[in-house]
Amino acid sequence: MSTLIKQAPVAASSQRLVAILAAATFGIALVFISGFASPETLHNAAHDWRHSHNFPCH
Amino acid sequence: MIMRVLKAALVAGFLAACVAATLQTFLTSPLILEAETFEKSAGPQAQATGYGGLVQLAHVHSAQLHSAQLHLAHGQEAHADAEEGGWEPGEGFPRIAFTALATLVSGVGYAAILAALLLASGREFNPQTALRWAIGGFVAVNLAPAVGLPPELPGMGGAHLAERQIWWVCTALGTGLGLYLVTNVRHHAAIAIGLLAIVFPHIIGAPHAAAAASDVPAVLAAQFAARSLAVAFAFWATLGLSLGWYWVRQEDRTTSGLRSQALPVSGERKAV
């Protein structure tokens, strides 16, 4: 029982670290695609959003 | 844990995008369309100023007529590449739909980043904290960069795009870091470094074109800048509140089902 209690926070904290890194990578990728990526198709599709949300555009 | 973070980010991003896309359709998109009529009716001279004012500078030296023509041609070409080249959504509904889609992608992205930061900070994850951090996100990502690079309508181009993007990212990171140091670390040195991180990008100054003129009326531009920040605030507030709400909602479900899986992780219960 005591080992279980000791191991639980360790597993939880490593799970937490993985979740933090995964969410941060995922989030940065999405913001980059919608706000910064330069391919024309992406730029044109997101054009009005980029202007509205003050991403440097053009 | 990953699934819980992603689910919360999806829900928060979706709700924030619903609010922002609706507001944009009525507040900012009409101004963009109006500005585009000036952009398109204006001669190539005004269009090309968006690319660093090459043409205008060349016109000042009227003796260098030949070089001006060269620049003119170049300006038109660059403009055609950026605007007319390639696929773009059709006017009307497709355009509104793609703008909403881009809003959704950014919304989920920002929500995921916000969730990661909140988890990494070890603060309690609830609607109140998430709202506070989201307002911090608004300040870092919208308000602070807007001080140097105000929201621009089409046809109001400034300095080189890459330079502005770099300044934008540095300002957002600096402001975010500064806000964290000032509000969370609360040590004298940390507050000093934090304030410096917030102010420093503005001391360097945002990149601006030497001769950025535009045919877009000033009233339109001012209205757009104000509305854009207002919509951004609504976007972030919805994002924070719904992120915290859905996170807690998932926790409640887990605790009612199997208590042992929802053991509070050390540090999670710290006060803000």
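Residues numbered from 1 in each chain as written. Chains lettered and ligands numbered in written order. Predicted model: local features only at pLDDT ≥ 70, side-chain atom pairs only at ≥ 80, totals over all residues.

Moving on to the overall build of chain B. Broken down by element type, chain B carries ten helices and zero strands. Going residue by residue from the N terminus, the α and β elements of chain B occur as α-α-α-α-α-α-α-α-α-α. Sequence separation of 24 or more characterises 79% of the internal contacts of chain B that already satisfy a separation of 6 or more. (Helix = DSSP H or I, 4+ residues; strand = E, 2+ residues; numbered from the N terminus. Contact = placed C-beta atoms within 7 Å.)

What follows concerns the environment of B:Ala12. Take B:Ala12: it is sitting in helix H1 (residues 2–27). Apart from residues no more than four positions distant in its own chain, B:Ala12 is found in contact with B:Ala111, B:Leu239, B:Ser242, B:Leu243 and B:Tyr246.

It is worth spelling out helix H6 (residues 93–121) of chain B at this point. Taking 1.5 Å of rise per residue, the 29 residues of H6(B) would be expected to cover 42 Å, and the 41 Å separating its terminal C-alpha atoms lies within 8% of that figure. In the segment just after H6(B), B:Gly122 is the residue with positive phi, at about 80°. (Expected span 1.5 Å × (residues − 1).)

Contact residues are listed per partner, giving 51 residues for chain B and 34 residues for chain A. Those elements that place two or more of their residues in the side of chain B that touches chain A are H1, helix H2 (29–41), H6, helix H7 (127–148), helix H8 (161–185) and helix H10 (218–257) of chain B. Here the side of chain B that touches chain A gets 16 residues from one element, more than from any other, and that element is H6(B).

Our focus in this paragraph is the nonpolar core. A general trend in soluble globular proteins is that nonpolar side chains are found buried together. Membership of the largest hydrophobic core comes to 49 residues, with the highest contact counts inside it found for B:Ala111, B:Ala112, B:Leu114, B:Ala115, B:Leu239 and B:Leu243. Taken together, the elements giving at least two residues each to this core come down to helix H1 (2–35) of chain A together with H1, H6, H7 and H10 of chain B. In terms of residues, this core owes the most to one element, H6(B), which gives 13 residues. Not counting residues up to four positions away in its chain, the partners in contact with B:Ala111 are B:Ala9, B:Ala12, B:Gly13, B:Ala16, B:Leu239 and B:Leu243. Grouped together as the second largest cluster of nonpolar side chains are seven residues, B:Leu31, B:Ile32, B:Met156 and B:Phe224 included. (Core = buried A, V, L, I, M, F, W, Y, C linked by C-beta atoms within 7 Å. Buried ≥ 20, exposed ≤ 12 C-beta atoms within 10 Å, placed from the backbone.)

The next point concerns the confidence of the model for chain A. Averaged over every residue, the pLDDT of chain A is 85; the share at 70 or more is 83%. Highest mean pLDDT in chain A belongs to helix H3 (residues 47–52) of chain A (92); lowest belongs to H1(A) (83). (pLDDT = per-residue confidence, 0-100.)

With respect to the secondary-structure elements, B:Gly158 resides in the loop between H7 and H8. Of the residues examined, B:Gly158 has 23 C-beta atoms within 10 Å and is grouped as buried.

On to the confidence of the model for chain B, then. Detailed reading of the predicted coordinates is not advisable wherever pLDDT is low. Residues and elements named next belong to chain B. In the predicted model, chain B carries a mean pLDDT of 81, and the fraction of residues at 70 or more is 75%. Mean pLDDT across the secondary structure elements of chain B bottoms out at helix H4 (residues 54–60), with 36, and peaks at H7, with 96. Throughout residues 45–83 the model reports pLDDT below 50, and contacts reaching past four residues in sequence, or to other chains, amount to 54 contacts. Ignoring residues within four places in sequence, the model shows residues 267–272, a span with pLDDT below 50, making eleven contacts including any to other chains. What the predictor reports for the complex is a pTM of 0.79 with an ipTM of 0.85.

All names here are of chain B. It is at 7 Å that the axes of H1 and H6 come closest, and there the two elements cross at 140°. Looking at the two axes, H1 sits oblique to H6. Our pair here, H1 against H6, has a crossing hand that is right-handed. Its residues assigned to classes, the contact of H1 with H6 comprises 17 nonpolar, six polar and no charged. (Axes fitted to C-alpha atoms, helices over the stretch in contact; angles between N-to-C directions. Parallel < 35°, antiparallel > 145°, perpendicular 65-115°, else oblique. Left-handed = near helix turned anticlockwise from the far one by under 90°. Nonpolar A, V, L, I, M, F, W, Y, C, P; charged D, E, K, R; others polar.)

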